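# Summary of the model geometry
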Amino acid sequence: MSEVKAYGAQASDANLKELNIERRQITADDVQIEIEYCGVCHSDIHQVRNDWKNSKYPVVPGHEIIGRVTQVGKNVSNFKEGDLVGVGCMVDSCQECDSCKEDLEQFCEKGATLTYNSKDKHLGGHTFGGYSEQIVVDKEFVLSIPENIDAKATAPLLCAGITTYSPLRHWNVKKGDKVGVIGLGGLGHMGVKFASALGAHVVMITTSPSKSEDAKKLGADEVLVSKNEEDMKKQAGSFDFLLNTVPVGHDMNPYIALLKRDATMVLVGAIEPLDPVHGGGLIGGRKRIAGSVIGGIKETQEMLDFCGENNIVSDIEMIDIHNINEAFDRVVKSDVKYRFVIDMKSLKNKN
Ligand SMILES: [Zn+2]
Ligand SMILES: [Zn+2]
């Protein structure tokens, strides 16, 4: 084992501060990574603040990890020292169940090992995430990062990116489809970029007219303000697909009305109860509501390669680790365009 510096919280009402954690010595199948950047996901805040009632302390968050390989085990052939790599929301799974065999480790029937706050199979206790100097990860869960795009802006691809890319691919969004992206935050801004790169006609659906200009800069063809009933009526029954990134419970009925017959709205944001849905709205047009969570490792690599080919990265704001508590408060207020990324070198400096 080796002791490394990290940033974490000791209790649900505590600020994050510097602490030391243990990382395992690499096994034959492991890759050791020096972390350069880590994105700040809303889940990090939920876990630190125990919003999902399953947090184990200390919580060291971070599942949008970018770094360089420093050491590999003897069974590792696809990575070598110096490679630019990423680690997302998972660091292990059973590798044997039907979901794992179908490259859908996020649905592992025994439960995937999440990057933080999950049972650590090697050391006991729970896993620690990317707000740290270094991490050791099984080779099957390490991703290759294209060198031609800005490394720090690729960090959010590992969670926000794959969360929006996977449903667009699974529901086969293609050139000419009319796609609505609901909510312009960390997830929504990636949804717009991907849907646009796939050739769809992209409509940003937002409650705030002030976001129009930004949405168009990101690649939206149109902006639909959901509070404007008149405009919502005009677009009723016209969407092939809706990507709903709203992170909290809300009324989905107005969005269901936007779907064409047989079209689907996929939820990727709200992990909580939603307002009642009127059955008539679904029955009338054989419409569907579905959910989706991140993506498997194979698809995550496909997404990263797609980003390399199409020059897609996240829009980010860089911070030092010492500013993380302030950044959390700003994420809660949606005061970030669109993702904070921590420069992990700042962990080495005294503030
Ligand atoms: Zn996340
Ligand atoms: Zn499995």
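Residues numbered from 1 in each chain as written. Chains lettered and ligands numbered in written order. Predicted model: local features only at pLDDT ≥ 70, side-chain atom pairs only at ≥ 80, totals over all residues. Heavy atoms only, no water.

## Brief notes about the packing of helix H4 (residues 160–170) against helix H5 (residues 186–197)
Spelled out, the test is: To obtain each axis, a line is fitted to C-alpha atoms, and for helices this fit is confined to the stretch in contact; angles are then taken between N-to-C directions over 0 to 180 degrees. Put simply, DSSP H or I for four residues or longer makes a helix, DSSP E for two residues or longer makes a strand, and each gets a number counted from the N terminus. Note on angle classes: values under 35 degrees are labelled roughly parallel, values over 145 roughly antiparallel, values of 65 to 115 roughly perpendicular, and the remainder oblique. Handedness of a crossing follows from how the near helix is turned relative to the far one, being left-handed for an anticlockwise turn of less than a right angle and right-handed for a clockwise one. By definition, residues are in contact when any of their heavy atoms lie within 4.5 Å. Note that Gly is not counted as nonpolar here; it falls among the polar residues with everything else outside the nonpolar set of Ala, Val, Leu, Ile, Met, Phe, Trp, Tyr, Cys and Pro and the charged set of Asp, Glu, Lys and Arg.
Two elements in contact, H4 and H5, have axes separated by 8 Å at closest approach and are oriented at 45°. Viewed along their axes, H4 and H5 adopt a mutual orientation that is oblique. For the pair H4 and H5, the crossing hand works out as right-handed. Contacts from Ala 160, Gly 161, Thr 163, Thr 164, Tyr 165 and Leu 168 in H4 reach Gly 186, Leu 187, Met 190, Gly 191, Phe 194 and Ala 195 in H5. Looking at the contact of H4 with H5 residue by residue, the class counts come to 7 nonpolar, 5 polar and no charged.

## A word on unusual backbone geometry
The bulk of non-glycine residues show a negative phi, and the bulk of peptide bonds are trans. With omega at 0°, the peptide bond leading from Tyr 57 into Pro 58 counts as cis. With respect to the helices and strands, Pro 58 occurs in the loop between helix H1 (42–48) and strand E4 (65–72). Cis geometry is adopted by the peptide bond preceding Tyr 338, which originates at Lys 337 and carries an omega value of -20°. Looking at where Tyr 338 falls in the secondary structure, it is placed in the loop between helix H11 (324–332) and strand E17 (339–343). At Gln 95, a position not held by glycine, the phi torsion is positive, near 65°. Looking at the element boundaries, Gln 95 is found in the loop between strand E6 (90–92) and helix H2 (98–101).

## Examining the pattern of salt bridges
How we decide: Any Lys or Arg side-chain nitrogen found within 4 Å of a carboxyl oxygen on Asp or Glu counts as a salt bridge. Burial classification: accessible surface area is computed with a 1.4 Å probe over protein chains only, and a residue below 20% of its type maximum counts as buried, one above 50% as exposed, and the rest as partly exposed.
Per the counting criterion, the structure on display carries 22 salt bridges. Between Asp 315 and Lys 193 there is a salt bridge, with the nearest N and O atoms lying 2.6 Å from each other. One end of the pair, Asp 315, is in the loop between helix H10 (297–310) and strand E16 (316–320); the other, Lys 193, is in helix H5, with 122 residues separating them in the sequence. Its relative accessible area of 16% is what places Lys 193 among the buried residues. Linked by salt bridges that have partners in common, Asp 29, Lys 139 and Glu 140 make up one network.

## Regarding the coordination of the zinc ion (ligand 2)
Rules: Donors, by definition, are the N, O and S atoms found within 2.8 Å of a metal, the threshold being 3.2 Å for Na, K and Ca, and water is not counted, so a site can look incomplete. Labels for metal geometry use angle windows, namely 85 to 135 degrees for all angles of a four-donor tetrahedral site, and for square planar (four donors) or octahedral (six donors) sites opposite donors over 155 degrees apart plus all others within 65 to 115; sites meeting none of these are irregular.
Around the zinc ion (ligand 2), the protein contributes the donor atoms Cys 94 (SG), Cys 97 (SG), Cys 100 (SG) and Cys 108 (SG), at 2.3 to 2.4 Å from the metal centre. Metal-centred angles of 104 to 120° between the 4 donor atoms at the zinc ion (ligand 2) mark the site as tetrahedral. All donors of the zinc ion (ligand 2) come from a single chain, and their spacing in sequence reads C-x2-C-x2-C-x7-C. Looking at Cys 100, the relative accessible area reads 7%, which means it is buried. Taking the relative accessible area as the measure of exposure, Cys 108 reaches 8% and is therefore buried.

## A look at the UniProt feature "domain: Enoyl reductase (ER)" (unreviewed entry) in the chain
We count it as follows: UniProt positions are given in the numbering used here, feature names are shortened, and annotations may be inferred rather than shown by experiment.
Per the UniProt annotation, the sites labelled "domain: Enoyl reductase (ER)" (unreviewed entry) are residues 11–294. End C-alpha to end C-alpha, residues 11–294 measures 27 Å, and it is 21% helix and 27% strand.

## Considerations on the sheet that holds strand E15 (residues 288–291)
Put simply, the rule is: Paired strands, in this sense, are two strands between which DSSP finds at least two bridges.
Overall, parallel pairing links the 6 strands, which are arranged E12-E11-E10-E13-E14-E15 in an open sheet. Two strands lie at the open edges of the sheet, namely strand E12 (222–225) and E15, each paired on one side alone. If you compare each strand with its neighbour and ignore which way they point, the axes differ by 20° on average. Pairing between strand E14 (residues 259–267) and E15: 4 bridges, direction parallel. The residue bridging Val 266 from the neighbouring strand is Ala 290, located in E15.

## What to know about the environment of Pro 209
Examined against the element boundaries, Pro 209 turns out to sit in the loop between strand E11 (201–206) and helix H6 (212–218). In the structure, Pro 209 is positioned 18 residues away from Lys 227 in sequence and 9.2 Å away in space, judged by C-alpha atoms.

## Points about H5
The condition that has to hold: One fewer than the residue count of a helix, multiplied by 1.5 Å, yields its expected span.
Over its 12 residues, H5 extends 17 Å from the first C-alpha to the last, a length consistent with the 16 Å expected when each residue adds 1.5 Å. Most of H5 sits inside the fold, with 10 of its 12 residues counted as buried. Residues Gly 186, Leu 187, Gly 188, His 189, Met 190, Gly 191, Val 192, Lys 193, Phe 194 and Ala 195 constitute the buried set of H5. Positive backbone phi, approximately 90°, marks Gly 199, located one or two places after H5.

## A closer look at the pairing of strand E5 (residues 84–87)
Across a regular strand the side chains alternate sides, sitting on one face of the sheet and then on the other. Alternating positions in E5 separate into two faces, Leu 84 and Gly 86 on one and Val 85 and Val 87 on the other, with burial throughout. Here E4 pairs with E5 via 4 bridges, running antiparallel. Bridging from a neighbouring strand, Gly 67 pairs with Val 85 of E5. Direction of pairing for E5 relative to strand E9 (residues 143–144): antiparallel, over a ladder of 2 bridges. If you follow Val 85 over to E9, its bridge partner there is Ser 144.

## Focus: the coordination of the zinc ion (ligand 1)
The protein atoms donating to the zinc ion (ligand 1) are Cys 41 (SG), His 63 (NE2) and Cys 159 (SG), with metal-donor distances spanning 2.0 to 2.2 Å. Going along the chain, you hit the donors of the zinc ion (ligand 1) in the pattern C-x21-H-x95-C. Placement of His 63 in the loop between H1 and E4 and of Cys 159 in the loop between helix H3 (151–154) and H4 is noted, with a sequence separation of 96 residues between them. Since its relative accessible area comes to 8%, His 63 is described here as buried. What makes Cys 159 buried here is its relative accessible area of 8%.

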